[in-house]
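# Inside the fold
Take a look at the letters that make up each chain.
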Amino acid sequence: MIWKRSAVLRFYSVCGLLLQGSQGQFPLTQNVTVVEGGTAILTCRVDQNDNTSLQWSNPAQQTLYFDDKKALRDNRIELVRASWHELSISVSDVSLSDEGQYTCSLFTMPVKTSKAYLTVLGVPEKPQISGFSSPVMEGDLMQLTCKTSGSKPAADIRWFKNDKEIKDVKYLKEEDANRKTFTVSSTLDFRVDRSDDGVAVICRVDHESLNATPQVAMQVLEIHYTPSVKIIPSTPFPQEGQPLILTCESKGKPLPEPVLWTKDGGELPDPDRMVVSGRELNILFLNKTDNGTYRCEATNTIGQSSAEYVLIVHDVPNTLLPTTIIPSLTPATVTATVAITSSPTSSATAKSIRDPNALAGQAGPDHALIGGIVAVVVFVTLCSIFLLGRYLARHKGTYLTNEAKGAEDAPDADTAIINAEGSQVNAEEKKEYFI
């Protein structure tokens, strides 16, 4: 009786040890996410295993591998590693139908299991932009739609214009027929202007299956608009005698036709001197008759625009040296030679005076030079007056002395008077000239 009791105790002891050992064995698995068409690796590990078998089964509870023995005939499923501590298998060319919960079983008493969920990502198709018809007129309302299908989970669509994201858009998500993937679309509405011509509008699809490399679709806008016109003169201060070029800068789409130049509402008055070359009006040399309003018109298939330029021809600044004319008062000719040595500054001033293209105010007269010339002129004039006075004084004295001639031989005063009076008889025969 005692023997039987001891045998029973020993049996329960062994069973307890076995149960305690099996309770320390747990299979460990991890969830797996893979992109559709990729390869999934399913791994089951056991830290403590006393030669107990491991098994992988699919969501339909079909055995895939039992230890290192393949149970399901599927060429996409292969053994990666098999040992007492690990059983790893691979599933290649994963499809959306492979998604689900896979089970790793450890055949202890009782059997222990661990679940691993396989998530298959649906890759979105390349997006397409619709709704654009070329060309678009300035001011029209444009509606663009970007669409992509096959994403799982649903993809995210973003719009960009001039590298700046547009937030105010409409977003729509629909489930595909397979009830696993989604079709996503987004609509962008905006009113176009001429600044949108040539701009690239981008639709970008972001999804976790794209590995941070989004898919994009691009649409380059073509906007037609009326011309914009501006007149640019070749000089801001046109002067008489100078040439002038007026450039008519016109922008538009389609490109404007050749521009039309008019003056004061009519044709150009002097075609020989006012030459039109392309978009330029070239006035060969200016005069005061050219003053007026010049108009440039540009036209394309959308419309017409014009610009005006008011031309005011300015006088050339009179910076020439003054000229003094000395009146001829005597028969004598007075010649004065004045030597003037100019500094480099005065040479530059003279050069600026001779240059008809020089702007007013760029060079002033040399006051020292002018003062010197005026002093010389005054000096010459005074000398001329002095010489003239001496000449007149000397000539008058000689005339009076000759008139009294003949009285010198008279013996007395009475005879001298008579002789003097007698000399007056023939005085009327004398002629007197005064120079």
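These numbers were taken from a predicted model, which means no experiment stands behind them.

What counts, and where the lines are drawn
Residues numbered from 1 in each chain as written. Predicted model: local features only at pLDDT ≥ 70, side-chain atom pairs only at ≥ 80, totals over all residues. Heavy atoms only, no water. Disulfide = S-S within 2.5 Å. Helix = DSSP H or I, 4+ residues; strand = E, 2+ residues; numbered from the N terminus. Buried < 20%, exposed > 50% of the residue type's maximum accessible area, 1.4 Å probe, protein only. Salt bridge = Lys/Arg side-chain N within 4 Å of Asp/Glu carboxyl O. Pairing = 2+ DSSP bridges. Polar contact = N/O pair within 3.5 Å; in protein donor to acceptor, adjacent residues only side chain to side chain. Contact = heavy atoms within 4.5 Å. Patch = residues over 30% accessible without salt bridge, like charges linked within 9 Å, V, L, I, M, F, W, Y side chains within 5 Å. Areas by Shrake-Rupley, 256 points an atom, 1.4 Å probe, with all protein chains shown as cover. Phe/Tyr/Trp six-rings, centres within 6.5 Å; stacked < 30°, edge-to-face > 60°. Lys NZ or Arg CZ within 6 Å of the ring centre and 35° of its normal.

### Focus: the state of the cysteines
- Summed over all chains, the structure comprises three disulfides.
- At a sulfur-sulfur separation of 1.9 Å, the disulfide partner of C44 is C104. In this structure the cystine formed by C44 and C104 twists about its S-S bond by roughly -75°; its chirality is therefore left-handed. Remark: C104 occurs in strand β9 (residues 100-106) and C44 occurs in strand β3 (residues 40-46); sequence separation between them is 60 residues.
- By relative accessible area, C104 is classed as buried at 0%.
- Through a disulfide, C248 is tied to C296; the S-S separation comes to 1.7 Å. Classification of the bridge connecting C248 and C296 rests on its S-S torsion, roughly -75°, and on that basis the disulfide is left-handed. Here C248, found in strand β21 (residues 244-253), pairs with C296, found in strand β25 (residues 292-299); they are 48 residues apart in sequence, far enough to count as distant. We note that C248, like C296, is buried.

### Some words on the pattern of salt bridges
- This structure, assessed with the given rule, holds 21 salt bridges.
- E297 is the salt-bridge partner of R295, the closest N and O atoms lying 3.0 Å from each other.
- Linked through salt bridges whose partners overlap, the residues forming this network are R158, E165, K167, R204 and D206.

### Section: unusual backbone geometry
- Residue P110 follows M109 across a cis peptide bond; omega there is 0°.
- Residue position: P110 is located in the loop between β9 and β10 (112-121).
- Even without a glycine there, the phi angle at D93 is positive, about 50°.
- Positive phi, normally seen in glycine, also occurs at R179, with a value near 60°.
- With respect to the secondary-structure elements, R179 resides in the loop between β16 (170-175) and β17 (182-191).

### Digging into the sheet that holds β10
- The six strands are arranged β2-β10-β9-β4-β5-β6 in an open sheet whose pairing can be described as mixed. Sheet topology places β2 (32-35) and β6 (69-70) at the edges, where each strand pairs with a single neighbour.
- Here seven bridges tie β9 to β10, and the two strands are oriented antiparallel to one another. Its bridge partner being in β10, G100 is matched across the sheet by L118.

### Some details on the side chain of T52
- On the secondary structure map, T52 appears in the loop between β3 and β4 (54-57).
- You can call T52 buried: its relative accessible area is 10%.
- Here D50 takes part through its side chain, which lies 2.8 Å from a polar atom of the side chain of T52.
- Leaving out residues up to four positions away in the same chain, T52 has contacts with Q25, W84, L106, F107 and T108.

### Side note on a nonpolar patch on the surface
- There is a patch of nonpolar side chains on the surface, built from V374, V378, L382 and I385 and spanning about 360 Å² of accessible area.
- Position of V378 among the secondary structure elements: in helix α3 (residues 367-403).

### Description of the packing of aromatic side chains
- Under the definition given, this model contains one aromatic pair.
- One residue, K112, lies across the ring of F26, its end atom 5.7 Å from the ring centre.
- Over the aromatic face of F285 sits the side chain of R273, whose NZ or CZ is 5.4 Å from the ring centroid.

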